[in-house]
Amino acid sequence: MPQTPSYSRGVSRRSVLRALGGTTALGALAGCGVQAAYVEPGERAGADLSATDKRLTWANWPLYIDTDDADTKKRPTLDAFEKRTGIAVDYVEEINDNDEFFGKISPALMNHQQTGRDLIVISDWMCARFVRLGWVQEMDRSAQPNVTEHLDPLLRSPAFDPGRKYTVPWQSGITGIAYNRRRLGREIRGVADLWSDDLKGRVTLLSGLDEAFALLMQGNGVDVTRWTADDFHTVCDQVEKQVKRGQIRRFTGNDYIKDLSGGDVLACQAYSGDVIQLQADDPDIEFVVPEEGAELWAESLMIPDLARHKANAERLIDHYYQPEVAAELAAWVNYVCPVPAARDVLASSRDADTAALAEDPLIFPDAAMRRRLAIARDITSNERVEFAKRWNAIAGL
């Protein structure tokens, strides 16, 4: 196994997942399942200029790729791809919110026009809508041997995209529970522990419908790969009860980080990648994958309809599924790596801090944790309006 360089752990990263559960244009279009917006399979591909035009445009979230410590304009893994292939990448950090980005590019997609982007990264619950609407192209896996070989089996076949024909995870993560063990003075093991009297007024839940519901269902023993409307309304009944008794301090986006680190909150729904960053400053903060299970999610790469550089985009995706490249990226972003083989690359590093990342279960979940992880069935277009209306009323959105 080749020795890896000492990768620098990023001190900041993009602000994750703060969508509001199907509002604005999304609720009006995808939420209602407007069939007129659907694009037939034969109408999705445009003329691919990749063979003669060595470039592509990639839209991603801010702070979601490795950068050079001395020059943040340099992105080592991306620079290496450009040097090796001769393909110039216009990397645009323009995605700050799933709904907002949907509103930006949906007019072009529904009117069968080019978006100006060859590759985009959005959350899987939003990817599901793009796939259903026929707004993304099926990838040529014969041109992506690294994806075929190295994609984590847990992420290979979500309900919205069996076999991952249209999507490839960029980074993954876990929605679980974070808490300050020293301040609380005891362990938290499951969702039910959030409703204990000693946490009254010191708990937060995620405000976004798509981010919050699965973990709460898992606390009830629900198989979230096949949850039902009754399961959803049961969770809403429970959360309403906890709101009325003052158990829940508030519903949050990523600002739960401030509440937890400042001590205003003792326990909260949280993302695994955030907790890794928090633990660097406060080792008393712990992340729990509840005994009943936790949600495994991903933010995925997709190639929009009529993209002009599809083959170039496919090559870029496959570049990031080389274990050595995936390891370099994982060491910087600190989310669950979708390439398990990257673990051995990190473990072989001569740098002790880098090698230690290979043993972090929030980057490479161990076998026991993996058995408790599940990808939730996404909310369908027929369900979304009703469910969002009820959840948003509870969360005060």
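Residues numbered from 1 in each chain as written. Predicted model: local features only at pLDDT ≥ 70, side-chain atom pairs only at ≥ 80, totals over all residues. Heavy atoms only, no water.

Caption draft 1: Region of the structure containing helix 4 (residues 124-133). Most of helix 4 is tucked away: nine of the ten residues are buried. Here helix 4 has its buried residues at Asp124, Trp125, Met126, Cys127, Ala128, Arg129, Phe130, Val131 and Leu133. Just downstream of helix 4, Gly134 is the residue with a positive phi angle, here 70 degrees. (Buried < 20%, exposed > 50% of the residue type's maximum accessible area, 1.4 Å probe, protein only. Helix = DSSP H or I, 4+ residues; strand = E, 2+ residues; numbered from the N terminus.)

Caption draft 2: Region of interest: empty space enclosed by the protein. This structure, assessed with the given rule, holds two cavities of 30 Å³ or more. Roughly 230 Å³ of volume is contained in the largest cavity. Along the walls of the largest cavity sit 20 residues, with Asp124, Trp125, Glu295, Trp297 and Ala376 positioned nearest its centre. Among the secondary structure elements, those contributing two or more residues to the lining of the largest cavity are helix 4, helix 7 (209-219) and strand 9 (294-302). (1 Å grid on protein atoms, 1.4 Å probe; cavity = no way out; pocket = protein on both sides within 12 Å on 5 of 7 lines; lining within 4 Å. Points joined across faces, edges and corners; volume = space filled by probe spheres on them.)

Caption draft 3: Fine view of unusual backbone geometry. Despite not being glycine, Leu63 has its phi angle at roughly 55 degrees, a positive value. Considering the arrangement of structural elements, one finds Leu63 in the loop between strand 1 (55-60) and helix 2 (76-85). Leu63 gets classed as partly exposed once you look at its relative accessible area, which sits at 36%.

Caption draft 4: Main features of the packing of helix 7 against helix 8 (residues 229-244). Here helix 7 crosses helix 8 at 90 degrees, and the two axes come no closer than 10 Å. Relative to helix 8, the element helix 7 lies roughly perpendicular. Contact residues: helix 7 offers Leu209, Leu216 and Met217, while helix 8 offers Asp231, Phe232, Val235 and Val239. For the contact of helix 7 with helix 8, a count of residues per class yields six nonpolar, no polar and one charged. (Axes fitted to C-alpha atoms, helices over the stretch in contact; angles between N-to-C directions. Parallel < 35°, antiparallel > 145°, perpendicular 65-115°, else oblique. Contact = heavy atoms within 4.5 Å. Nonpolar A, V, L, I, M, F, W, Y, C, P; charged D, E, K, R; others polar.)

Caption draft 5: Representation of the packing of aromatic side chains within the structure. Considering all chains together, one arrives at 16 aromatic pairs under this definition. Here the aromatic rings of Trp58 and Tyr320 are separated by 5.8 Å at their centres, their planes lie at 65 degrees, and the arrangement is edge-to-face. One end of the pair, Trp58, is in strand 1; the other, Tyr320, is in the loop between helix 11 (310-319) and helix 12 (323-333), and 262 residues separate them in sequence. Given a relative accessible area of 0%, Trp58 falls into the buried group. (Phe/Tyr/Trp six-rings, centres within 6.5 Å; stacked < 30°, edge-to-face > 60°.)

Caption draft 6: Structural view of the environment of His309. Within the secondary structure, His309 sits in the loop between strand 9 and helix 11. Overall, His309 belongs to the buried group, its relative accessible area being 5%. With 45 residues separating them along the chain, His309 and Asp264 place their C-alpha atoms 49 Å apart.

Caption draft 7: Looking closely at the nonpolar core. Core analysis: the biggest nonpolar cluster contains 126 residues, and Trp58, Phe130 and Trp391 have the highest contact counts within it. Take this core: its biggest share by element is eight residues, from helix 12. (Core = buried A, V, L, I, M, F, W, Y, C linked by side-chain atoms within 4.5 Å.)

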